[in-house]
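# Breakdown of the fold
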Amino acid sequence: GGRAAPAGQPKAVSWLLRLGAHGSRRRNRISRTERSRHAILAWRLERPYLIYCAACGAVTASLLVWNLVKGMQNNWNLPQWQHHRWEEVTEVSIGVLIVAETLLTMCVLGPRSFFSSGWCIFDLCVAILTVVSIGYGLEHLGRNGEICEANVPLLMLRFILQPGRVLAIAAS
């Protein structure tokens, strides 16, 4: 792509217009894949998607605050950390959504555009670390909440990752 967005027009909107969002003749000449990309990117500009992003951000921020409060109450004694099942289910669910969003964005934009964006690279780093967190959460759910000291580094990763996920959600 190399065309710059017209003055005052966001880059994504310019990209959508180049795909044929205006003019039915042009739209009929684009491939089914391009129409799918257009539909996904156009949906991301709609209110329901923005509400979804705000809800994910609020849930992630709530988990962060919840864990900070628990950490202070527990004097940050991680091996003695007690999790609730709802925390793990929420953590894994948000993680799956973040990974899916990142993969969808990579598919829609294509590798060249995806890796040329600093925010997309940041999202990818968060998603990769989130996969580790999802694995820990699933393992933890399978053990009914018991925490072993060997998983303390993964638990710390999750605490560090939570603010990053809030930023990644805000950036999308």
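Right, let's walk through the structure included here.

The rules behind these values
- Residues numbered from 1 in each chain as written.
- Predicted model: local features only at pLDDT ≥ 70, side-chain atom pairs only at ≥ 80, totals over all residues.
- Heavy atoms only, no water.
- Phe/Tyr/Trp six-rings, centres within 6.5 Å; stacked < 30°, edge-to-face > 60°.
- Buried < 20%, exposed > 50% of the residue type's maximum accessible area, 1.4 Å probe, protein only.
- Helix = DSSP H or I, 4+ residues; strand = E, 2+ residues; numbered from the N terminus.
- Expected span 1.5 Å × (residues − 1).
- Patch = residues over 30% accessible without salt bridge, like charges linked within 9 Å, V, L, I, M, F, W, Y side chains within 5 Å.
- Areas by Shrake-Rupley, 256 points an atom, 1.4 Å probe, with all protein chains shown as cover.
- Salt bridge = Lys/Arg side-chain N within 4 Å of Asp/Glu carboxyl O.
- Axes fitted to C-alpha atoms, helices over the stretch in contact; angles between N-to-C directions.
- Left-handed = near helix turned anticlockwise from the far one by under 90°.
- Nonpolar A, V, L, I, M, F, W, Y, C, P; charged D, E, K, R; others polar.
- Disulfide = S-S within 2.5 Å.

As a further point, take the packing of aromatic side chains. Taken as a whole and assessed by the stated rule, the structure comprises 5 aromatic pairs. Here tryptophan 43 and tyrosine 49 contribute two aromatic rings whose centre-to-centre distance is 4.7 Å and whose plane-to-plane angle is 65°, an arrangement assigned as edge-to-face. Judged by relative accessible area, which is 42%, tryptophan 43 ranks as partly exposed. On the basis of relative accessibility, which here comes to 0%, the residue tyrosine 49 falls in the buried class. Site record: aromatic cluster; members linked through ring pairs are Trp43, Tyr49 and Tyr52.

Moving on, we get to helix α4 (residues 47-73). With 27 residues, α4 extends 39 Å between its outermost C-alpha atoms, agreeing within 8% with the 39 Å of an ideal straight helix rising 1.5 Å per residue. Along α4, the residues that are buried comprise Tyr49, Cys53, Cys56, Gly57, Thr60, Leu63, Leu64, Asn67, Lys70 and Gly71.

Our focus in this paragraph is a nonpolar patch on the surface. A cluster of nonpolar residues, Val65, Leu68, Val69, Met72 and Trp76, forms a patch on the protein surface that exposes about 470 Å² of accessible area. Structurally, the position occupied by tryptophan 76 is in the loop between α4 and α5 (85-109).

Attention now goes to the packing of α5 against helix α7 (residues 118-142). Contact pair α5 / α7: the axes reach a minimum separation of 8 Å and the direction vectors enclose 145°. In this structure, the crossing between α5 and α7 has a hand that is left-handed. A class-by-class count of the residues in the contact of α5 with α7 yields 16 nonpolar, 7 polar and 4 charged.

Of note, isoleucine 40 is situated in helix α3 (residues 32-43). The spatial distance from the C-alpha of isoleucine 40 to the C-alpha of threonine 105 is 9.1 Å, given a sequence separation of 65 residues.

Helix length check: α7, at 25 residues, gives a terminal C-alpha distance of 36 Å against a target of 36 Å (1.5 Å per residue), a fit within 8%. When we look at burial in α7, the residues that qualify are Cys120, Asp123, Leu124, Val126, Ala127, Thr130, Ser133, Ile134, Tyr136, Gly137, His140 and Leu141.

If you walk through the whole model with that rule in mind, you get 0 disulfides. Sulfur of cysteine 53: no disulfide; nearest cysteine sulfur belongs to cysteine 56 and is 6.6 Å away.

In total, this model carries 3 salt bridges according to the counting rule given. Note that glutamate 34 is salt-bridged to arginine 37, the shortest N-O span being 2.9 Å. A residue pair is termed a helical-turn pair when its members lie 3 or 4 positions apart in one helix, as glutamate 34 and arginine 37 do in helix α3 at 3 residues. Glutamate 87 serves as the salt-bridge partner of lysine 70, at 3.0 Å between the closest nitrogen and oxygen. Pair noted here: lysine 70 is in helix α4 and glutamate 87 is in helix α5, with a separation of 17 residues, a long-range link. The burial state of lysine 70 is the same as that of glutamate 87; both residues are buried.

Everything listed here is a matter of geometry and, on its own, says nothing about what the molecule does.
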